[in-house]
Amino acid sequence: MKHKEEILHHLYIELVKLQKDIIASNLKLLLVLEGRDAAGKDGTIKAISLYLSPRETKIVALGKPSNRQENEWYFQRYAEQLPVSGEMVLFNRSWYNRAGVEKVMGFCTDKEYKSFFTDVELFEKMLVDGGFIILKYYLDISKEEQEKRLDDRKKDPLKQWKISPIDEVAQKHWKDYSEARNEMLQRTNFKYALWFIVNAEKKEKAHIAIIAHFLDRLKYPDKDEKILSHDYGLVYPATDENIKERLF
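**Student:** Please clarify how the side chain of Gln171 should be interpreted in this entry.
**Tutor:** Note that Gln171 resides in the loop between α7 (165-170) and α8 (174-187). A polar atom in the side chain of Gln171 sits 2.8 Å from the side chain of Gln146. Contact partners of Gln171, with chain neighbours within four places excluded, come to Lys143, Gln146, Glu147 and Leu150.

As structure tokens, then:
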């Protein structure tokens, strides 16, 4: 544990360096975290943001759209949450809801689902052309680990806020979510906004691996290349081969 804490300490220093550069250079960093229910998105975001400035760091976890939002352009409520210059925004789920839970649970029409893949390519290309830096991570866990974590939510009084009706059917729709996930990753792994998959079976190890990985992909002054050079073997690109062979 001490070794992990030491690594995290050094990574937190790197995160602060990165944020200083984001502020000084007026950058717009967008971090998208997706994954099954109980995959560890909340914990990962807490780990990333622990020592960052709350003024220049925004966490977005949107709930069910309102009646008005259901009549908006699909990306509109997400666009309102995008970072301004000098800001980092972390999305705990994002517009990819349409390719995941909305598809599986029937919350969107087949036409809306199909058009999403055309629209999201244009949307993210527009963001990148507009100077946004986009990093996308999919947290992957096994069916057994998900069941364990969902059960833990029911027993732990400090995790009661995490329980939702969607949790109750997550295991039942495991295969449906797998198929939707695979199609999403394959069709939206754009060269200008790549997907990376994270083996999130072990939460603390996954936190370290994700932080090190996205820091390594970004440029900022006084970067400690040595602390970021270690390959933890938990984060890998969403290639067709990896999707087929390595996902749970």
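Moving on from the model shown.
**Student:** Whenever I open this one, the sheet that holds strand β2 (residues 57-60) confuses me. Can you help?
**Tutor:** Where strands meet in a sheet, backbone hydrogen bonds hold them as pairs that are either parallel or antiparallel. Here 6 strands make up an open sheet; going across it, the order is β2-β3-β1-β4-β5-β6 and the pairing mixed. Because the sheet does not close on itself, it has two edges, and the strands there are β2 and β6 (235-237). Within this sheet the neighbouring strands show an average axis-to-axis angle of 25°, counted without direction. Here strand β4 (residues 132-140) runs beside strand β5 (residues 195-199); their pairing, made up of 5 bridges, is parallel. Across the sheet, the residue bridging to Lys136 is Trp195, located in β5. Along the sheet, helix α5 (residues 110-129) contacts β1 (28-35) and β4; its crossing angle with β4, the most-contacted strand, is approximately 135°.

**Student:** Would you mind going over the nonpolar core with me for this structure?
**Tutor:** In terms of nonpolar packing, the biggest core is built from 38 residues, with Leu11, Leu18, Tyr137, Phe214 and Leu215 touching the most fellow members. Looking at this core, the elements with two or more residues in it are α1 (2-24), β1, α2 (41-49), β3 (87-92), β4, β5, α9 (203-216) and α10 (225-228). The greatest single-element share of this core, amounting to 8 residues, is contributed by α9. Residues within four places of Leu215 in sequence aside, it is in contact with Leu11, Glu14, Leu15, Leu18, Tyr220, Lys223 and Leu228. Membership of the second largest hydrophobic core comes to 32 residues, among which are Val60, Ile134, Tyr236 and Ala238.

**Student:** Quick question: what am I supposed to make of a nonpolar patch on the surface here?
**Tutor:** Taken together, the side chains of Val16, Leu50 and Tyr51 present a nonpolar region at the surface, about 300 Å² in accessible area. Residue placement: Val16 occurs in helix α1.

The rules behind each value
- Along each chain, residues carry numbers from 1 onward, in the same order as the chain's sequence is written.
- With pLDDT at 70 or above as the cut-off, local features in this predicted model cover only qualifying residues; side-chain atom pairs require 80 or more to be listed or tallied, and sums for whole chains, interfaces and linings still use all residues.
- Hydrogens are left out, water is left out, and the side-chain values use all remaining heavy atoms of the structure.
- The numbering of helices and of strands both runs from the N terminus, where a helix is a DSSP run of H or I of at least 4 residues and a strand a run of E of at least 2.
- Two N or O atoms count as a polar contact when they lie within 3.5 Å, although within protein this holds only if one can serve as hydrogen donor and the other as acceptor, and sequence-adjacent residues are included solely when both atoms are side-chain atoms.
- Residue contacts follow a heavy-atom distance rule, with two residues in contact if any of their heavy atoms lie within 4.5 Å.
- For two strands to be treated as a pair, DSSP must find no fewer than two bridges joining them.
- Each axis is a line fitted through C-alpha atoms, taken for helices only over the stretch in contact, and angles between the N-to-C directions span 0 to 180 degrees.
- Working definition of a nonpolar core: buried Ala, Val, Leu, Ile, Met, Phe, Trp, Tyr and Cys residues. They are joined through side-chain atoms within 4.5 Å.
- Working definition: with a 1.4 Å probe on protein chains only, accessible area under 20% of the residue-type maximum means buried, over 50% means exposed, and in between means partly exposed.
- Like charges within 9 Å and nonpolar side chains (Val, Leu, Ile, Met, Phe, Trp, Tyr) within 5 Å are joined into patches, using only residues over 30% in relative accessible area that form no salt bridge.
- For the accessible areas, the method is Shrake-Rupley and the probe is 1.4 Å, while residue cover comes only from the protein chains on display.
- By salt bridge we mean one thing: a side-chain nitrogen of Lys or Arg within 4 Å of a carboxyl oxygen of Asp or Glu.

Read these as geometric descriptors, not functional statements.
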